Amino acid sequence: MFRLILFTILFFSSVAFAEDVSFQWKHNNPENVDKYNLYAREYPEGQYVKKWTGAEMTCTVTLSDGISFGIIVTAENVHGESDYSQEVVYTPEVILPPIILPTRPSSLTITFN
């Protein structure tokens, strides 16, 4: 039986409406693992969707801003896929463009006719 521990989540700002999020995890027996799978779902009701597969214990995925996501990791080898890791919930920040306000004039002249 596999047991995964979600270890670290690193956050990187990106363009508005999406954010790159990096994940790292530790595994209690990594020599028996062929690959890992990272799944994400809209939290709390969505269905898990595979976002990444690879042999490393770290990955970066792009998530939409302002939506909470549940993230889980599984390990896989010739015998099959492990149970889900503990779920981690993350909500990328909404990044809005800056608001540019008009500047005040340094002087104002009013003329009446």
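If you're wondering where the values come from, they're calculated on a predicted model, not measured in any experiment. (Residues numbered from 1 in each chain as written. Predicted model: local features only at pLDDT ≥ 70, side-chain atom pairs only at ≥ 80, totals over all residues. Heavy atoms only, no water.)

1. A few points about the overall build of the protein
Item 1. Within the protein, the regular secondary structure consists of zero helices and eight strands.
Item 2. Counted from the first residue to the last, the protein has its helices and strands arranged as β-β-β-β-β-β-β-β.
Item 3. Relative to its full complement of 113 residues, the protein shows a buried share of 31%.
Item 4. About 8000 Å² of surface is accessible on the protein, with carbon and sulfur atoms providing 54% of the total. (Helix = DSSP H or I, 4+ residues; strand = E, 2+ residues; numbered from the N terminus. Buried < 20%, exposed > 50% of the residue type's maximum accessible area, 1.4 Å probe, protein only. Areas by Shrake-Rupley, 256 points an atom, 1.4 Å probe, with all protein chains shown as cover.)

2. Topic: the nonpolar core
Item 1. Counting 16 residues, the largest nonpolar core has Phe23, Trp25, Leu38 and Leu63 as its most contacted members.
Item 2. Counting residues per element, the ones that place at least two in this core are β2 (18–27), β3 (35–42), β5 (58–64) and β6 (69–77).
Item 3. If one sorts the elements of this core by residue count, β6 sits on top with four residues.
Item 4. Every residue in contact with Leu63, bar those within four places of it in the chain, is listed here: Ala18, Glu19, Val21, Ala40, Lys51, Phe69, Ile71, Tyr90 and Pro92. (Core = buried A, V, L, I, M, F, W, Y, C linked by side-chain atoms within 4.5 Å. Contact = heavy atoms within 4.5 Å.)

3. Notes on the pairing of strand β4 (residues 49–54)
Item 1. As paired elements, β3 and β4 share five bridges and run antiparallel to each other. In the strand pairing of β4, Asn37 is matched with Thr53.
Item 2. The hairpin formed by β3 and β4 contains six residues between the paired strands. (Pairing = 2+ DSSP bridges.)

4. Thoughts on the pairing of β3
Item 1. Counted residue by residue, β3 has six buried out of eight residues, so it is predominantly covered.
Item 2. Where β3 and β6 come together, eight bridges link them in antiparallel fashion. Bridging from a neighbouring strand, Lys35 pairs with Glu76 of β6.

5. Details of the pattern of salt bridges
Item 1. Evaluation of the coordinates by the stated rule reveals two salt bridges.
Item 2. Note that Lys35 and Glu76 form a salt bridge whose closest N and O atoms lie 4.0 Å from each other. Residue Lys35 is found in strand β3, and its partner Glu76 is found in strand β6; the two are separated by 41 residues along the sequence.
Item 3. The class of Lys35 is partly exposed, set by a relative accessible area of 30%.
Item 4. The partner of Glu87 in a salt bridge is Arg41, and the shortest N-O contact between them spans 2.7 Å. (Salt bridge = Lys/Arg side-chain N within 4 Å of Asp/Glu carboxyl O.)

6. Describing the confidence of the model for the protein
Item 1. Per-residue pLDDT for the protein has a mean of 78; in total, 68% of the residues score no lower than 70.
Item 2. Here residues 4–16 scores under 50 on pLDDT; set against residues more than four positions off or in separate chains, the count is 43 contacts. (pLDDT = per-residue confidence, 0-100.)

7. A word on the side chain of Asn37
Item 1. Here Asn37 lies in strand β3.
Item 2. Within the local environment of Asn37, its side chain forms a polar contact with the side chain of Glu81, the two groups lying 3.1 Å apart.
Item 3. Excluding residues that lie within four positions of it along the chain, Asn37 makes contacts with Lys50, Trp52, Thr53, Ile72, Val73, Thr74, Glu76 and Glu81. (Polar contact = N/O pair within 3.5 Å; in protein donor to acceptor, adjacent residues only side chain to side chain.)

8. Structural notes on unusual backbone geometry
Item 1. Pro44 follows Tyr43 through a cis peptide bond whose omega is 10°.
Item 2. Tracing the backbone through its elements, the reader meets Pro44 in the loop between β3 and β4.

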